[in-house]
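# Structure at a glance
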Amino acid sequence: MGDKRLLTLGHSPDPDDAFMFYALNKDDVLDTNGYEFKQILHDIQTLNEMAIDEKLDITAISLAAYPTISDKYAILSSGASMGYKYGPVVVAKEICSINDLKNRLIAIPGKMTSAYLELRLLLGKDVKVKVIPFDKIFDAVEAGEVDAGLIIHEGQLTYSKRNLKKIVDFGEWWFERTKLPLPLGVNAIHRKLGSAMSDISKILKNSILYSLNHRKEAVEYALNFARGMDMQLADEFVGMYVNNLTVDLGETGLKACRLLFDEAYNKGLIDSNPEIDLV
């Protein structure tokens, strides 16, 4: 154990991320080729900031954060979160039009999240927002602290229990326009790892495949990271964000990511439009 090369691996404390890396927490089911992975759990906004400071070898990031770190990190072909006709949702206590949202105060989970980038693509760059931790947004909407909330993670499945109304689902909106899945998160790897990047990429891809092939036990493990979810809901959530595009982004996933960057760059929402070189 002592002679293994230790790598830091950042991900969200969510069922889908936990599911992907289940095999890394289980002894001797995966050949890690001499690497040991220290998993570091934070919300996605914090992971984006840690990547900017180059504190992690491999990490989940919002795709929206990639233009800021593309000189330091590459994107792994596996581990992406893509919503196929579903994604982050804007909710409010009362139904309103998308046009009405332009003048409302909206709680967002962070300014580097893909969900916020997509909100600005829809409503324009001057949308009024307040940053609130993602797991406190429901409370802020219910308390009237904000007019609407941008919901990510498992809240996409549970908002109706809170008696809140869906105003827009970004996955539906994006698919209607592009016929493509909605890019949300990707796994990034530090370029300093050089030629080892492709070996590490294979290990992490094998971890995802292991979970898909041992789904029940991997979902049971992921339940430890599920806030207010039962087995059925956790399985549904994992199924939404761990799929064939998670195993390999492929041409479809890559096309969706490039289109999101093109549109955001053309509207002045990101400063650079980086080349996406997959590992």
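Further up the page is the structure itself.
Procedures and definitions
Counting of residues starts from 1 at the beginning of each chain's written sequence and follows it residue by residue. At least 70 in pLDDT is required for a residue's local features to be given in this predicted model, at least 80 for side-chain atom pairs to be given and counted, and no such filter applies to totals for whole chains, interfaces and linings, which use all residues. To get the side-chain values, take all heavy atoms of the structure and skip hydrogens and water. Here a strand is any run of E in DSSP of at least two residues, a helix any run of H or I of at least four, and the numbering for each starts at the N terminus. For two strands to be treated as a pair, DSSP must find at least two bridges joining them. Convention adopted: a line fitted to C-alpha atoms gives each axis, helices being fitted over their contacting stretch, and angles between N-to-C directions are expressed from 0 to 180 degrees. Between two residues, a contact is recorded if the distance between any of their heavy atoms is within 4.5 Å. To pair, rings of Phe, Tyr and Trp, with the six-membered ring standing in for Trp, must have centres within 6.5 Å; the planes then decide the type, stacked if under 30 degrees apart, edge-to-face if over 60, and tilted in the middle. In this scheme, a residue with accessible area under 20% of its type's maximum is buried, one over 50% is exposed, and one in between is partly exposed, where area comes from a 1.4 Å probe on protein chains only. As used in this record, nonpolar core signifies buried Ala, Val, Leu, Ile, Met, Phe, Trp, Tyr and Cys residues forming a set joined through side-chain atoms within 4.5 Å. Each helix should span, by expectation, one fewer than its residue count multiplied by 1.5 Å. Lining residues are defined by having an atom within 4 Å of a point belonging to a cavity or pocket. Those points lie on a 1 Å grid over the protein atoms alone, cavities being sets where a 1.4 Å probe fits but cannot get out and pockets being open sets with protein on both sides within 12 Å along at least five of seven lines. Grid points are joined across faces, edges and corners, and a volume is the space filled by probe spheres set on the points. Polar here means any residue outside two lists: the nonpolar Ala, Val, Leu, Ile, Met, Phe, Trp, Tyr, Cys and Pro, and the charged Asp, Glu, Lys and Arg; Gly therefore counts as polar. We count a salt bridge whenever a side-chain nitrogen from Lys or Arg sits within 4 Å of a carboxyl oxygen from Asp or Glu.

### Details of the environment of Leu-209
Looking at where Leu-209 falls in the secondary structure, it is placed in helix α9 (residues 196–213). The sequence separation of Leu-209 and Val-89 amounts to 120 residues, and the corresponding C-alpha distance is 29 Å.

### Focus on the sheet that holds strand β7 (residues 105–108)
The mixed open sheet is built from five strands, whose spatial order is β8-β7-β9-β6-β10. Of all strands in the sheet, those bounded by a partner on one side alone are β8 (128–131) and β10 (165–169). Mean inter-strand twist for the sheet, computed between neighbouring axes without regard to direction, equals 30 degrees. Alignment of β7 against strand β9 (residues 148–151), held across two bridges, turns out to be parallel. Counterpart to Ile-106 in the pairing with β9 is Ala-148. Its contacts with the sheet place helix α8 (residues 170–178) against β6 (89–92), β9 and β10, and it is angled at close to 35 degrees to β10.

### Some points on the packing of aromatic side chains
For the structure on display, the rule yields eight aromatic pairs. Between Tyr-84 and Phe-175 the ring centres are 5.4 Å apart and the planes differ by 65 degrees, which places this aromatic pair in the edge-to-face class. Separated by 91 residues along the polypeptide, Tyr-84 in the loop between β5 (81–83) and β6 and Phe-175 in helix α8 bring together distant segments of the chain. Look at Tyr-84 and you get partly exposed, because its relative accessible area is 44%. A relative accessible area of 14% means that Phe-175 is categorised as buried.

### Description of the nonpolar core
Core analysis: the biggest nonpolar cluster contains 94 residues, and Phe-37, Leu-119 and Ile-200 have the highest contact counts within it. Leaving out residues up to four positions away in the same chain, Phe-37 has contacts with Leu-7, Leu-9, Leu-24, Thr-32, Ile-58, Ile-200, Ile-203 and Leu-204. Listed in part, the 12 residues of the second largest apolar core include Val-91, Ala-140, Val-141 and Val-146.

### A closer look at α9
Taking 1.5 Å of rise per residue, 18 residues should cover 26 Å, and α9 covers 26 Å from first to last C-alpha, within 8% of that figure. Buried within α9 we find Ala-196, Met-197, Ile-200, Ser-201, Ile-203, Leu-204, Ser-207, Ile-208, Tyr-210 and Ser-211.

### As for empty space enclosed by the protein
Throughout the structure, instances matching the rule amount to one cavity of 30 Å³ or more. Considering only enclosed or pocket space, the largest cavity measures out at about 310 Å³ in volume. Lining the largest cavity are 24 residues, and of these Ile-44, Ser-81, His-153, Leu-184 and Gly-185 lie nearest its centre. Elements with a contribution of two residues or more to the lining of the largest cavity: α1 (15–20), β3 (58–62), α5 (114–123), β11 (182–190) and α11 (231–241). If you tally residues by element for the lining of the largest cavity, the top one is β11, at four residues. Classifying every residue of the lining of the largest cavity by side-chain character gives 11 nonpolar, 10 polar and three charged.

### A look at the side chain of Thr-158
Within the element layout of this structure, Thr-158 appears in helix α7 (residues 155–158). In this structure Thr-158 comes out as buried when scored by relative accessible area, which is 12%.

### Considering unusual backbone geometry
A positive phi angle, close to 55 degrees, is found at Asn-33, a residue other than glycine. Phi is positive for Lys-179, which is not a glycine, with a value near 60 degrees. Relative to the assigned elements, Lys-179 resides in the loop between α8 and β11.

### A few points about the pattern of salt bridges
One side chain can pair with another of opposite charge once the charged atoms of both are near each other. The final tally for this structure, using the stated rule, is 14 salt bridges. Across the salt bridge formed by Asp-139 and Arg-162, the nearest N and O atoms sit 2.6 Å from each other. Highlighted residues: Asp-139 in helix α6 (residues 137–142) and Arg-162 in the loop between α7 and β10, separated in sequence by 23 residues. The partly exposed category is assigned to Asp-139, whose relative accessible area is 39%. A relative accessible area of 30% places Arg-162 in the partly exposed class. A single salt-bridge network, built from bridges that share partners, covers Asp-139, Glu-142 and Arg-162.

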